[in-house]
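Take a look at the letters that make up each chain.
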Amino acid sequence: MMPEVSESAESPDRIARLEGWIARNDKWIFAALFVLLFLGFLGRYAAIGYGVGAGGNYYYSYLPTLVIDRDLDFSNQLANLPFLKELGNPLHYEKNPKPWTTSTGKTANENAIGPALFWMPFFLVGHGAVLISNTFGAFIPLDGFSDIEQISTLFGSILFAVLGLWLVYRFS
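Definitions and cut-offs
- Residues numbered from 1 in each chain as written.
- Predicted model: local features only at pLDDT ≥ 70, side-chain atom pairs only at ≥ 80, totals over all residues.
- Heavy atoms only, no water.
- pLDDT = per-residue confidence, 0-100.
- Helix = DSSP H or I, 4+ residues; strand = E, 2+ residues; numbered from the N terminus.
- Contact = heavy atoms within 4.5 Å.
- Core = buried A, V, L, I, M, F, W, Y, C linked by side-chain atoms within 4.5 Å.
- Buried < 20%, exposed > 50% of the residue type's maximum accessible area, 1.4 Å probe, protein only.
- Phe/Tyr/Trp six-rings, centres within 6.5 Å; stacked < 30°, edge-to-face > 60°.
- Axes fitted to C-alpha atoms, helices over the stretch in contact; angles between N-to-C directions.
- Parallel < 35°, antiparallel > 145°, perpendicular 65-115°, else oblique.
- Left-handed = near helix turned anticlockwise from the far one by under 90°.
- Nonpolar A, V, L, I, M, F, W, Y, C, P; charged D, E, K, R; others polar.

## Notes on the confidence of the model for the chain
Across the chain, the average pLDDT comes to 83, with 81% of residues at 70 or higher. The secondary-structure element of the chain with the lowest mean pLDDT is helix α5 (residues 82-85), recorded at 55, while helix α6 (residues 114-135) shows the highest, at 96. Of the regions scoring below 50 in pLDDT, residues 87-92 engages in eight contacts with residues more than four places distant in sequence or in other chains.

Next up, the structure:
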């Protein structure tokens, strides 16, 4: 028969040490979380060939239409959505767009602009990198769906998510 071990005396001390360690290393913990999430995203990107998918395409479409086209007509963005080009992919999320036309005759977007406003600085960095690369002969398409633009934009998305978790942790 095993002797009964009382953890009640040891438990508060252990918890206090763990809380102290977390408090001293919280920035490193959240940095590691960011790196893990970003590496996971890059792995997914490598597996399927694009970063924006499913409904995210519609939120993301605001970026190229505002920055590149400088309009709110989504007809060319909906025609170039990456996930519609590779319908046989096992990691593909099928969503058949049913575009509708506004009273001005432009193709509309069913999603809100909010996420695109948060992503805009990161997209601009990626788009700037594409423009600079093209001046040196890279020949990257200027449709807003290049690897550089998607990765920089989704970098921002992961950064905002982890920063939000860190703020909740710090101020709760």
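## Topic: the nonpolar core
Residues Phe41, Tyr60, Leu63 and Ile158 are the most contacted members of the largest nonpolar core, which totals 21 residues. Contributing elements (two or more residues each) for this core: α1 (11-48), α2 (56-60), α3 (62-69), α6 and α7 (147-170). Ranked by the residues each element gives to this core, the list is headed by α1, at five residues. Ignoring anything within four residues of it in the chain, the contact list for Phe41 reads Gly51, Ile151, Leu154 and Ile158.

## Quick word on the packing of aromatic side chains
Summed over all chains, the structure comprises twelve aromatic pairs. Seen in terms of ring centroids, Tyr60 and Phe145 are 5.2 Å apart; in terms of plane orientation they differ by 45°. Their pairing is tilted. With a gap of 85 residues between them, Tyr60 in helix α2 and Phe145 in the loop between α6 and α7 connect regions that are remote in the sequence. Taken individually, Tyr60 and Phe145 each receive the classification buried, so the pair is uniform in this respect. In textbook terms, an aromatic cluster arises when at least three aromatic residues are bridged by ring pairs, as seen for Phe34, Phe38, Phe41, Tyr45, Phe118, Phe122, Phe155 and Phe160.

## Overview of unusual backbone geometry
One non-glycine residue, Arg70, lies in positive phi territory at about 60°. Despite not being glycine, Phe139 shows a phi value in the positive range, around 60°. The exposure class of Phe139 is exposed, given its relative accessible area of 75%.

## Brief notes about the packing of α6 against α7
Look at α6 against α7: their axes get within 8 Å of each other, and the N-to-C directions meet at 155°. One way to sum up the angle between α6 and α7 is to call them roughly antiparallel. Crossing of α6 against α7: the hand is right-handed. The residues of α7 that touch α6, namely those facing Phe118, Trp119, Phe122, Phe123, Gly126, His127, Ala129, Val130 and Ser133, are Ile148, Glu149, Ser152, Thr153, Phe155, Gly156, Ser157, Leu159 and Phe160.

## A few points about the packing of α3 against α6
Running from amino to carboxyl end, α3 crosses α6 at an angle of 55°, the nearest separation of the two axes being 10 Å. The angle between α3 and α6 places the two elements in the oblique class. The two elements α3 and α6 meet at a crossing, and its hand is right-handed. Seen from α3, the contacting residues are Tyr62, Leu63, Pro64, Leu66, Val67 and Ile68; seen from α6, they are Ala116, Trp119, Met120, Phe123, Leu124 and His127. Considering only residue class, the contact of α3 with α6 consists of eleven nonpolar, one polar and no charged.

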